[in-house]
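# Per-entry structural report
Here are the chains, one letter per residue:
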Amino acid sequence: QIPSVRLDDHCKFSTPFVLILCPTTEEQWKASVVKSIEALVDSCVVLPCTFTYPGSFLSTSRLRGIWHRKDKWNEIFYHEDTTSVLDNFKGRTKMLGNLGQNNCTLEIVQVKNHDIGPFCFRIEFVKKDTNQPTTEKFSFVEECAEIKMLEEPPQPELIQSNTAVQGKPYAVTCSVRHTCPSHVPVFTWSRGSEDDIIQIQKPIVSGIWETQSIMVFIPGENDDHTEITCSATFNGGRRSSTSIKLNVKRTGNIYHLIIPVAVAIGTAVIFGVFCIAVMKKYKNRIAELQSREGSMFNRLSRMSRR
Ligand SMILES: *[C@@H]1O[C@H](CO)[C@@H](O)[C@H](O)[C@H]1NC(C)=O
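Let me begin by describing the structure that accompanies this report. (Residues numbered from 1 in each chain as written. Predicted model: local features only at pLDDT ≥ 70, side-chain atom pairs only at ≥ 80, totals over all residues. Heavy atoms only, no water.)

## Some words on the pattern of salt bridges
As enumerated under the stated definition, the model contains 12 salt bridges in all. Residue Arg69 is joined to Glu75 by a salt bridge in which the shortest nitrogen-to-oxygen separation is 2.4 Å. Assessed through its relative accessible area of 21%, Glu75 is described here as partly exposed. Between Lys202 and Glu210 there is a salt bridge, with its nearest N and O atoms 3.9 Å apart. Accessibility expressed as a relative area gives 9% for Glu210, which makes it buried. Among the ionic contacts, a cluster of salt bridges with common partners joins Arg64, Glu80, Arg122 and Glu124. (Salt bridge = Lys/Arg side-chain N within 4 Å of Asp/Glu carboxyl O. Buried < 20%, exposed > 50% of the residue type's maximum accessible area, 1.4 Å probe, protein only.)

Pasting the structure below:
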């Protein structure tokens, strides 16, 4: 009997011979790298990168990832052997991605304004025992990253929730976009304590992140017309800040409404009671007068008969 083995299985657990028989495995030499990204000078930047290669799965130890300048393979930005790295990149580049998971994400720290690239990824297969590269290597020069330098940090954006009401929790959100998810900006507020602050990281698009700091506090009467300032300190120490003015609606305003209304109602009630009392009194008087009139009429009629 012939064991039934699917062609796919052959290709997955391939010997080089089977690889030739199965040239159309799904994976090809392909990389997906952010094409253009902004970075703040002195800060850090993380270049997102993923890649695929033909053939069977290889563990991280069988793969060597290199970043080099486009068309200049000897100008190396990142190599596990740091002696081959360009002097002005030594110690500043790090492979954040796990090559065994097809992730070639690169981190550059202490960004200098000449770090513009283009940065291209190169993968080499290495032999198990000797750690020497095999003939399988590929530079993804069609997919390289260029960095645009920002000399000044972006200003944080401040968003207020509805209206601040005295004595009720109130939230202010401060957010800033950056390209350094490994060392995110640190926020400081002109008021509130650490406990009042929530920090959130959100990916926006490939390579761009947003860090938010949400401060919740209970405004008091004295906070009306005061300023709140949020400052973002970026990796490397550059700093920017934004302020907003606070308008606190006083809950006291409600008493200002209640008191006149209460006074009006009270006055009406007292006046009503007074009116009823007066009417009662006059009713008695009228009845008295009527009865007196009656007796007088009786007396008169008796007199006239006489
Ligand atoms: C690649 O690695 C980086 C750094 O560890 C990580 O942030 C990112 O999510 C990974 N990308 C993918 C597609 O897994």
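Let's pick the thread back up.
## Comments concerning the sheet that holds strand 9 (residues 119-126)
Pairing in this open sheet of 5 strands is mixed, and the strands run 2-10-9-5-6 from one edge to the other. With one partner strand each, in any of the chains shown, strand 2 (36-40) and strand 6 (72-78) form the two edges of the open sheet. The sheet shows a mean angle of 45° between the axes of neighbouring strands, direction not considered. Across 6 bridges, strand 9 lies against strand 10 (residues 133-150) in antiparallel orientation. Pairing of Val126 across the sheet is with Pro133, part of strand 10. (Pairing = 2+ DSSP bridges. Helix = DSSP H or I, 4+ residues; strand = E, 2+ residues; numbered from the N terminus. Axes fitted to C-alpha atoms, helices over the stretch in contact; angles between N-to-C directions.)

## With respect to the site of the ligand
With respect to spatial proximity, the complete set of residues near the ligand consists of Thr50, Leu96, Gly97, Asn103 and Thr105. One of the side-chain nitrogen or oxygen atoms of Asn103 is found 2.4 Å away from an oxygen atom of the ligand. For the ligand, the protein covers 37% of the area, taking 360 Å² as the surface of the free molecule. Taken together, the residues of the shell around the ligand break down into 1 nonpolar, 4 polar and no charged. (Near = heavy atom within 4 Å. Polar contact = N/O pair within 3.5 Å; in protein donor to acceptor, adjacent residues only side chain to side chain. Areas by Shrake-Rupley, 256 points an atom, 1.4 Å probe, with all protein chains shown as cover. Nonpolar A, V, L, I, M, F, W, Y, C, P; charged D, E, K, R; others polar.)

## Side note on unusual backbone geometry
Going from Gly117 to Pro118, the amide bond is cis rather than trans, its omega being 0°. A positive phi angle, near 80°, is found at Asp42, a position not held by glycine. Mapped onto the secondary structure, Asp42 falls in the loop between strand 2 and strand 3 (45-47).

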